[in-house]
Amino acid sequence: MPLRTIVRLGHPALRTPALPVPPERIGDPELQALIDDMIETMHESHGVGLAAPQVGEEAQVFVYQAAGPPEIPLHVVVNPMITPQARELAYDWEGCLSIPDLRGLVPRHPKVRVQGLDREGRPLDYVVSGFEARIVQHEFDHLNGIVFLDRMRDLRSLAFFDEWEAYLVGGSQPDLDETAVG
Ligand code: NI
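A short tour of the structure in this document, coming up. (Residues numbered from 1 in each chain as written. Predicted model: local features only at pLDDT ≥ 70, side-chain atom pairs only at ≥ 80, totals over all residues. Heavy atoms only, no water.)

## Topic: the side chain of His142
- Relative to the helices and strands, His142 is located in helix H2 (residues 130-142).
- Aside from chain neighbours lying at most four places away, what touches His142 is Leu14, Ala51, Pro53, Gln54, Cys96, Val147 and Gly182. (Helix = DSSP H or I, 4+ residues; strand = E, 2+ residues; numbered from the N terminus. Contact = heavy atoms within 4.5 Å.)

## Focus on the coordination of the nickel ion
- The nickel ion binds to the protein through Cys96 (SG), His138 (NE2), His142 (NE2) and Gly182 (O), with metal-donor distances spanning 2.1 to 2.6 Å.
- One can describe the donor arrangement at the nickel ion as tetrahedral, given that its four donor atoms subtend angles of 100 to 125° at the metal.
- Each donor residue of the nickel ion belongs to the same chain, and together they define the spacing C-x41-H-x3-H-x39-G. Of this pair, Cys96 sits in strand E4 (residues 90-96) while His138 sits in helix H2, and the two are 42 residues apart along the sequence.
- Looking at Cys96, the relative accessible area reads 3%, which means it is buried.
- By relative accessible area, His138 is classed as buried at 3%. (Donors = N, O, S within 2.8 Å, 3.2 Å for Na, K, Ca; no water. Tetrahedral: all angles 85-135°; square planar, octahedral: opposite > 155°, others 65-115°. Buried < 20%, exposed > 50% of the residue type's maximum accessible area, 1.4 Å probe, protein only.)

## Topic: the pattern of salt bridges
- Under the defined criterion, the tally for this structure stands at 13 salt bridges.
- Notably, a salt bridge pairs Arg15 with Asp150, separated by 2.6 Å at the nearest N-O pair. One end of the pair, Arg15, is in the segment before helix H1 (29-44); the other, Asp150, is in helix H3 (residues 148-151), with 135 residues separating them in the sequence.
- Exposure remark for Asp150: the relative accessible area of 40% places this residue in the partly exposed category.
- Between Asp118 and Arg122 there is a salt bridge; the shortest N-O distance is 2.8 Å.
- A relative accessible area of 12% places Asp118 in the buried class.
- For Arg122, a relative accessible area of 47% corresponds to the partly exposed category.
- It is possible to trace a salt-bridge network through shared partners that takes in Glu94, Arg108, Arg134, Asp141 and Arg151. (Salt bridge = Lys/Arg side-chain N within 4 Å of Asp/Glu carboxyl O.)

## Some details on the sheet that holds strand E5 (residues 99-108)
- Taken in spatial order, the four strands line up as E8-E5-E4-E9 in an open sheet, and their pairing is mixed. What marks the edges here is a single partner per strand, and that holds for strand E8 (159-160) and strand E9 (180-181).
- Both E5 and E8 contribute to a ladder of two bridges, which runs antiparallel. Paired with Arg103 across the two strands is Ala159, which belongs to E8. (Pairing = 2+ DSSP bridges.)

## Brief notes about the side chain of His75
- Tracing the backbone through its elements, the reader meets His75 in strand E3 (residues 72-84).
- Look at His75 and you get buried, because its relative accessible area is 19%.
- A distance of 2.8 Å separates a polar side-chain atom of His75 from the backbone oxygen of Pro73.
- Apart from the residues within four sequence positions on either side, His75 is in contact with Phe62, Val63, Tyr64, Tyr126 and Glu132. (Polar contact = N/O pair within 3.5 Å; in protein donor to acceptor, adjacent residues only side chain to side chain.)

## Regarding the pairing of strand E6 (residues 111-117)
- Pairing analysis gives five bridges linking E3 to E6, with the strands arranged antiparallel. Bridge pairing in E6 links Ile82 to Val114.
- Here E6 runs beside strand E7 (residues 123-129); their pairing, made up of seven bridges, is antiparallel. Paired with Arg113 across the strands is Val127, a residue of E7.
- Counted along the chain from E6 to the antiparallel partner E7, the turn is five residues long, and its residue Gly121 has a positive phi close to 85°.

Take a look at the structure:
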């Protein structure tokens, strides 16, 4: 399967709200191919999530998976709705395949309810927390034309990857692979 090109900040697709997928079209070969391509592109790019607008498609679809720890199995979510399950916000590092090489501290809800459809059109309804909740909120934002920079409360934590690794992560941080990059 061909890899899709990941568009970068400045491409209008990243600032255009994606459209819901008509449920009867989820089984269409074009949409199934898009999902397969997104999964492969995410893996090849070493990201833990990817949203359709990042490959220039305006469909409300995102995929995510993390090798861990914590290991998160592959998820495909179509037409998602996200509902925070807690009022508080937790800060952690994020990056974005569409904003290469930058990391920043982003506040996210530590627990969210995810509703939507899977790639067979079956209803999804589950609650995620921690790292998975962060990934889901990052990818959901992409479907609404929002990137993690927009969510940062203080741009002073913004750093290039090498400098972030050298000066900011420190010994107390979890494995670098745990940083949400989608
Ligand atoms: Ni992203």
